[in-house]
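Spelled out, the chains give:
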Protein chains: 2
Amino acid sequence: MFIKKPSLKPGEKHIMIVGGGFAGLNAAKRLADRPGVQITLIDQRNYHLFQPLLYQVATAGLNPADIAVPIRAQFSKARNISVHMGTVHSIDLKNKFVRVGEPPIELGFDYLILATGALHSYFGKYQWEDFAPGLKTIEQALEIRRRILSAFEYAENETNPAVQAALLTFVIVGGGPTGVELAGSIADISRTVLVKDFTHINPASARIVLIEAGDRVLASFPQALSEHALRDLNKLGVEVKTSSRVNEIDAEGVRIGDLKIAARNVFWAAGVQATKLSKTLGVELDRAGRVKVRSDFSIPGFPDTFAVGDLAHFEMDDGKPLPGLAPAAIQAGRHAAENILASIAGKPRKPFRYVDKGQMATIGKRKAIAVLGKLKLTGYLAWLSWLFIHILYLIGFKNRLVVFFEWSWSYIFSKRGSRLITSKDWKLGA
Amino acid sequence: MFIKKPSLKPGEKHIMIVGGGFAGLNAAKRLADRPGVQITLIDQRNYHLFQPLLYQVATAGLNPADIAVPIRAQFSKARNISVHMGTVHSIDLKNKFVRVGEPPIELGFDYLILATGALHSYFGKYQWEDFAPGLKTIEQALEIRRRILSAFEYAENETNPAVQAALLTFVIVGGGPTGVELAGSIADISRTVLVKDFTHINPASARIVLIEAGDRVLASFPQALSEHALRDLNKLGVEVKTSSRVNEIDAEGVRIGDLKIAARNVFWAAGVQATKLSKTLGVELDRAGRVKVRSDFSIPGFPDTFAVGDLAHFEMDDGKPLPGLAPAAIQAGRHAAENILASIAGKPRKPFRYVDKGQMATIGKRKAIAVLGKLKLTGYLAWLSWLFIHILYLIGFKNRLVVFFEWSWSYIFSKRGSRLITSKDWKLGA
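Novice: So what's going on with the sheet that holds strand β7 (residues 97-100) of chain A? Which residues, and what values?
Specialist: All names here are of chain A. Judged by pairing direction, the sheet is antiparallel, and its three strands sit side by side in the order β6-β7-β8 without closing on themselves. Two strands in the sheet have a free side with no partner beyond their single neighbour: β6 (88-92) and β8 (105-108). Each strand axis lies, on average, 25° off the axis of its neighbour in the sheet, ignoring direction.

Novice: Any details on the side chain of Ser226(B)? Residues and values, ideally.
Specialist: Residue and element names in this part refer to chain B. Among the structural elements, serine 226 can be located in helix α7 (residues 223-235). Among the polar contacts made by the side chain of serine 226, one reaches the side chain of arginine 216 at a distance of 2.7 Å. In this view, serine 226 contacts Arg216, Val217, Leu218, Ala219 and Phe221; residues no more than four positions away in its chain are not counted.

Novice: Please give an account of the interface of chain A and chain B that cites residues and values.
Specialist: It is common to give the size of an interface as the accessible area lost on bringing the parts into contact. Taken together, the contacts link 62 residues of chain A with 62 residues of chain B. Counting each side, the surface lost to burial between chain A and chain B is near 5,600 Å², with a carbon and sulfur contribution of 58%. Here chain A and chain B share six salt bridges between them. Across the pair Arg72(B) and Glu153(A) runs a salt bridge whose closest N-O atoms are separated by 2.7 Å. Connecting chain A to chain B are 16 residue pairs in polar contact (both at pLDDT 80 or more). At the level of elements, β4 (68-70), α3 (71-74), β5 (81-85), β10 (118-120), α4 (138-157) and α10 (397-413) of chain A are the ones that each hand at least two residues to the side of chain A that touches chain B. Broken down by element, the side of chain A that touches chain B gets its largest block of residues, ten residues, from α4(A). Classifying every residue of the side of chain A that touches chain B gives 26 nonpolar, 17 polar and 19 charged.

Novice: Can you break down the confidence of the model for chain A residue by residue, with the values?
Specialist: On average, residues of chain A carry a pLDDT of 94, and 98% of them reach 70 or more. Interface confidence for the predicted complex, expressed as ipTM, amounts to 0.92; the pTM equals 0.94.

Novice: I'd like to hear about a nonpolar patch on the surface, residue by residue, with values.
Specialist: On the surface, Phe388(A), Leu392(A) and Tyr393(A) cluster together to form a nonpolar patch covering roughly 350 Å² of accessible area. Looking at where Tyr393(A) falls in the secondary structure, it is placed in helix α9 (residues 379-393).

Novice: Kindly report on the pattern of salt bridges, identifying the contributing residues and their values.
Specialist: The final tally for this structure, using the stated rule, is 40 salt bridges over all chains. A salt bridge links Arg147(A) to Glu143(A); the shortest N-O distance between them is 2.8 Å. Here Arg147(A) pairs with Glu143(A), and both are found in helix α4, just four residues apart, close to one helical turn. For the pair Arg147(A) and Glu143(A), a shared accessibility class is recorded, and that class is buried. A salt bridge links Glu406(A) to Lys398(B); its shortest N-O distance comes to 2.7 Å. In this pair, Glu406(A) is assigned in helix α10 and Lys398(B) in helix α10 (residues 397-413), connecting two distinct chains. For Glu406(A), a relative accessible area of 5% corresponds to the buried category. Overall, Lys398(B) belongs to the buried group, its relative accessible area being 10%. What you see here is one network of salt bridges that share partners, running through Lys96(A), Asp296(A), Asp304(A) and Arg349(A).

The rules behind each value
- Residues numbered from 1 in each chain as written.
- Chains lettered and ligands numbered in written order.
- Predicted model: local features only at pLDDT ≥ 70, side-chain atom pairs only at ≥ 80, totals over all residues.
- Heavy atoms only, no water.
- Pairing = 2+ DSSP bridges.
- Helix = DSSP H or I, 4+ residues; strand = E, 2+ residues; numbered from the N terminus.
- Axes fitted to C-alpha atoms, helices over the stretch in contact; angles between N-to-C directions.
- Polar contact = N/O pair within 3.5 Å; in protein donor to acceptor, adjacent residues only side chain to side chain.
- Contact = heavy atoms within 4.5 Å.
- Buried area = accessible area lost by both parts, 1.4 Å probe.
- Salt bridge = Lys/Arg side-chain N within 4 Å of Asp/Glu carboxyl O.
- Nonpolar A, V, L, I, M, F, W, Y, C, P; charged D, E, K, R; others polar.
- pLDDT = per-residue confidence, 0-100.
- Patch = residues over 30% accessible without salt bridge, like charges linked within 9 Å, V, L, I, M, F, W, Y side chains within 5 Å.
- Areas by Shrake-Rupley, 256 points an atom, 1.4 Å probe, with all protein chains shown as cover.
- Buried < 20%, exposed > 50% of the residue type's maximum accessible area, 1.4 Å probe, protein only.

Structure (structure tokens):
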């Protein structure tokens, strides 16, 4: 078998990173221009996506390009990083190569950082996806945007009141940050943005239902903040149903036990699973398909291979898994990179210590909850912190300017910049 | 048959406008808040598109939302305009109704303005569309963008030099403004934007070929300006082949007589035809399917029905057809609206007189040609005029700001804001 590698100088090592999300991108940045290493960063997309703001694209607040940057452009000046766009089909940990691209080629590595992230899980109910898209990719955000905006347009033309009501009912399954932010933002767009523009319907009357299987929304936050968020959601007119498990989703709506909710718009924000690649590794996975890793992020039995970010199951000292948050992924990516450099230099690796930067979630346009260290924030102040931090962590000065401008504009004029219903089909046909 | 109409006050007339492009939108604006008329504006999209800048979306310079505005938002304050998103399937001119939507309903009118525009024509070779998308819609612009950016990515990974060369060859068929602007912009992005970001290929070596069947590019401009544009294209490294007719397009490239050009990227900017709706009317059409109209834009035999914009064939006093330019469509839309108001008021209609505002086309980032009245401009000055006029005519203060910002940014830093390869498929699959 011919396994391709980049041309290396004597003594140089080839580090391969699969995945250009928070973990992979920051691993590559840490390795940029370090002596003795050549890096190949592989991603199936040509861009790094700032996933925490994806719901803003789904609700017509931001353009896809505002929250995504070409991976290549991040490494224009790094002389030891080569970016390779392609899908990795499988990985041979023992013989140290990946199969990538179409037609597939074998690419060899000395060290590997796996960071392909997570996708939604429908708990085996794949057929639900058609009726309830998730929100993990730009394509899904545009699909959700298309559905939301189209629903108001169809309702405007509809004469059957029952159908009209179903068109104006939005159900979000899953009360984590994504579900709460999506529900709040749909409430916001219907109450303040669209309300001026229709003749036959009142967009502000749209029904928005947030369904959570657990006993409270935003369960990863302290109880008091969850309760605050619940009150904020209610003020925005979002119906929150906790301790409610969805039993069925179809074209007519959702069913929770005996309760049927007629809804033409259902969105999925419940449950994640690691990307499929983890199954090709032949190593121990947790129930969500995540790779169980050691305290240095290496995969047991394969000390030169690391898994980080949402793909990895990393157990902290308290026995809890490292949370699936951007700061944790960034820290993990950097740490794996440093451990590789340590091994190459013949130094011992360091176990990972998570620095908890806190977490936050917005509820509509002016409310949020946030835990920042020991500080607990709610309401307007939390929202301002959220705003500041999200603009700060966006990659690229230009994106920061653009998002700041878009948000200021939307805040002042209650308008949204991207209210376009685009379709999937580009062909005109015969 | 039940034909629906909006509820009208006694004496009020229902004016229907089909199409929210330059002609239809400006007809509606002219009729907004005029007494005695209710207007229904129908479009299959929810947005008005500034088509002259579509090539900027195709070449990653602008976001779709930068050149499109929701039609509804234009008429939030007009009390007599109702916007209806839906596809018009056919029109019964005699019984004065349109069939629109899914399932179709019949909507009646007293007066009708048809403004559904034009699409590309492949001269019967429908199978070429797969290999050579045209540039009339946002979806097509995103498809072209996807192909351009993907070609460089695939070339970066390709080891076969012949395939690599074909991947880096871009053929544009049609030397009108769209073809010239697309070719110039692809040259620009490959020479200045992408050139910094690749390891294995030199994007600046991309071959860009512009094919024109006539004996010069931009044939609607004076001969001297065409020649100037040709020199500018050559300076950018665009090969221009005039008097060349494409005989075949397939996955491998294009054939012109005996000459084969191996190219994985072919884009179509040759030939337009009126939208299909014109064929349902049962009236006289020209060879491009456009409706032949009288001097007041009414359709012969149907004095209450008007066709304007690219859907109409309007013969000027010199026997030439009204050109397919935005200013002509805007003037036509307004004129038809005024003639309807005149008829309702019992006044005579006025024949249309075209006020020639000139025309312009850009060649890459700093060059253009322009005819403005008796003024002929080339080079940098023409480009500045082009910039100023295109920003001025964009709808919405915000879009003007955003486009001004994007262009300044791109001009200063040689970067493009929208370098995302997005796909059509949003589903993750099982």
